[in-house]
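Survey of secondary and tertiary structure
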Amino acid sequence: MRRITLVAACLFACLPVAFTHATEAGPTDDDDATAFLIGSAGTFALVDEFDYPWLLGVQYRGRPRTSWRLRPGVGVDAGRDDMLYLYADVARDFGLPRDWLVTLSLGAGWFANGEAIGANYDLEFKSGLALARRLASGARAGIAVYHISNGGLEHPNNGSEALVLFFAWPLGRQGLSP
């Protein structure tokens, strides 16, 4: 139960971000011209059975590449007991009022040592939902939840849900370049 308290405290600490001044509402041309470097921290599994194993992640999320504004991405999540998830995905941002964004993502990757959280197969799929606030600098801060499972390729297909806080730095601005 202590880890739930820690996650709740982290979420509470992010509340000031939600009330900071940001740019105008809705998607902007700037968003479509920007790739992001994303850092995340959270837990690989949201159930007591697995003792809430931590994760740290880093991802590159590219500029939209299709008429559907899908952004390609590659990333890695690492956790205790040598858990490692290398993945590629595509994501789509949807603008909300007051500089909020919802992002849907779908990907696949290789999971090493995932048995500790029910990811028993090397090939695991990842589907996610993120809520973020666009800041005046163009950066984004938010929370994401995603599901990892083998999609029925092997039984059992337990899968796991992850919860992370993230910060996305725009590349190509303020000294950062892709």
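Here goes a summary of the coordinates provided. None of the values given here were measured: they were computed from a predicted structure. (Residues numbered from 1 in each chain as written. Predicted model: local features only at pLDDT ≥ 70, side-chain atom pairs only at ≥ 80, totals over all residues. Heavy atoms only, no water.)

Quick notes on the overall build of the protein chain
When its secondary structure is counted, the protein chain shows three helices and eight strands. Expressed as a percentage of its 178 residues, the buried residues of the protein chain come to 40%. Sequence-distant contacts, at least 24 apart, represent 54% of the contacts inside the protein chain between residues at least 6 apart. (Helix = DSSP H or I, 4+ residues; strand = E, 2+ residues; numbered from the N terminus. Buried < 20%, exposed > 50% of the residue type's maximum accessible area, 1.4 Å probe, protein only. Contact = heavy atoms within 4.5 Å.)

Details of the sheet that holds strand S2 (residues 54-61)
The strand order around the closed barrel built from eight strands is S1-S2-S3-S4-S5-S6-S7-S8, with neighbouring strands paired in antiparallel fashion. When the angles between neighbouring strand axes are averaged without regard to direction, this sheet yields 25°. (Pairing = 2+ DSSP bridges. Axes fitted to C-alpha atoms, helices over the stretch in contact; angles between N-to-C directions.)

A word on the pattern of salt bridges
The tally for this structure, following the rule as stated, stands at five salt bridges. Across the pair lysine 126 and aspartate 77 runs a salt bridge, and its minimum N-O distance is 3.8 Å. Linking lysine 126 in strand S6 (residues 123-134) with aspartate 77 in strand S3 (residues 71-79), this pair joins segments that are 49 residues apart in sequence. For lysine 126, a relative accessible area of 7% corresponds to the buried category. With a relative accessible area of 2%, aspartate 77 lands in the buried category. Several salt bridges converge on common partners, so that one network encompasses Arg71, Asp93 and Arg140. (Salt bridge = Lys/Arg side-chain N within 4 Å of Asp/Glu carboxyl O.)

Some thoughts on the nonpolar core
Counting 17 residues, the largest nonpolar core has Leu55, Phe111, Tyr146 and Phe166 as the members making the most contacts within it. Mapped onto this core, the elements with two or more residues apiece are strand S1 (36-43), strand S4 (83-96), S6, strand S7 (140-149) and strand S8 (160-170). The element best represented in this core is S8, accounting for four residues. (Core = buried A, V, L, I, M, F, W, Y, C linked by side-chain atoms within 4.5 Å.)

Regarding the packing of aromatic side chains
Following the criterion strictly, the structure yields four aromatic pairs and no others. With centroids separated by 5.6 Å and ring planes inclined at 50°, the aromatic side chains of phenylalanine 44 and phenylalanine 111 adopt a geometry described as tilted. Separated by 67 residues along the polypeptide, phenylalanine 44 in the loop between S1 and S2 and phenylalanine 111 in strand S5 (residues 100-112) bring together distant segments of the chain. Per residue, the accessibility class of phenylalanine 44 equals that of phenylalanine 111, and both read buried. Geometry around tyrosine 146 places lysine 126 over its ring, the cationic atom sitting 4.0 Å from the centre. (Phe/Tyr/Trp six-rings, centres within 6.5 Å; stacked < 30°, edge-to-face > 60°. Lys NZ or Arg CZ within 6 Å of the ring centre and 35° of its normal.)

Things to note about unusual backbone geometry
A positive phi angle, near 60°, is found at arginine 98, a position not held by glycine. Relative to the elements of secondary structure, arginine 98 occurs in the loop between S4 and S5. The backbone phi angle of aspartate 99 is positive, close to 65°, even though this residue is not glycine.

A closer look at the side chain of arginine 133
Among the secondary structure elements, arginine 133 is positioned in strand S6. Among buried Asp, Glu, Lys and Arg side chains, arginine 133 stands out as unpaired, with aspartate 99 the closest opposite charge at 4.7 Å. Polar side-chain contacts of arginine 133 include one of 3.3 Å to the backbone oxygen of arginine 98. (Lys, Arg positive; Asp, Glu negative; His and termini not counted. Polar contact = N/O pair within 3.5 Å; in protein donor to acceptor, adjacent residues only side chain to side chain.)

Considering a nonpolar patch on the surface
Residues Leu46, Phe94, Leu104, Leu129 and Val145 make up a contiguous nonpolar surface patch of roughly 380 Å² in combined accessible area. As for its position among the elements, leucine 46 is in the loop between S1 and S2. (Patch = residues over 30% accessible without salt bridge, like charges linked within 9 Å, V, L, I, M, F, W, Y side chains within 5 Å. Areas by Shrake-Rupley, 256 points an atom, 1.4 Å probe, with all protein chains shown as cover.)

A short note on the environment of glycine 57
One can find glycine 57 in strand S2. The spatial distance from the C-alpha of glycine 57 to the C-alpha of glycine 42 is 8.7 Å, given a sequence separation of 15 residues. Aside from chain neighbours lying at most four places away, what touches glycine 57 is Ile38, Gly39, Ser40, Val76 and Asp77.

What to know about the side chain of serine 40
By the secondary structure assignment, serine 40 is in strand S1. What serine 40 contacts, discounting residues up to four positions off in sequence, is Leu55, Leu56, Gly57, Asp77, Val164, Leu165 and Phe166.

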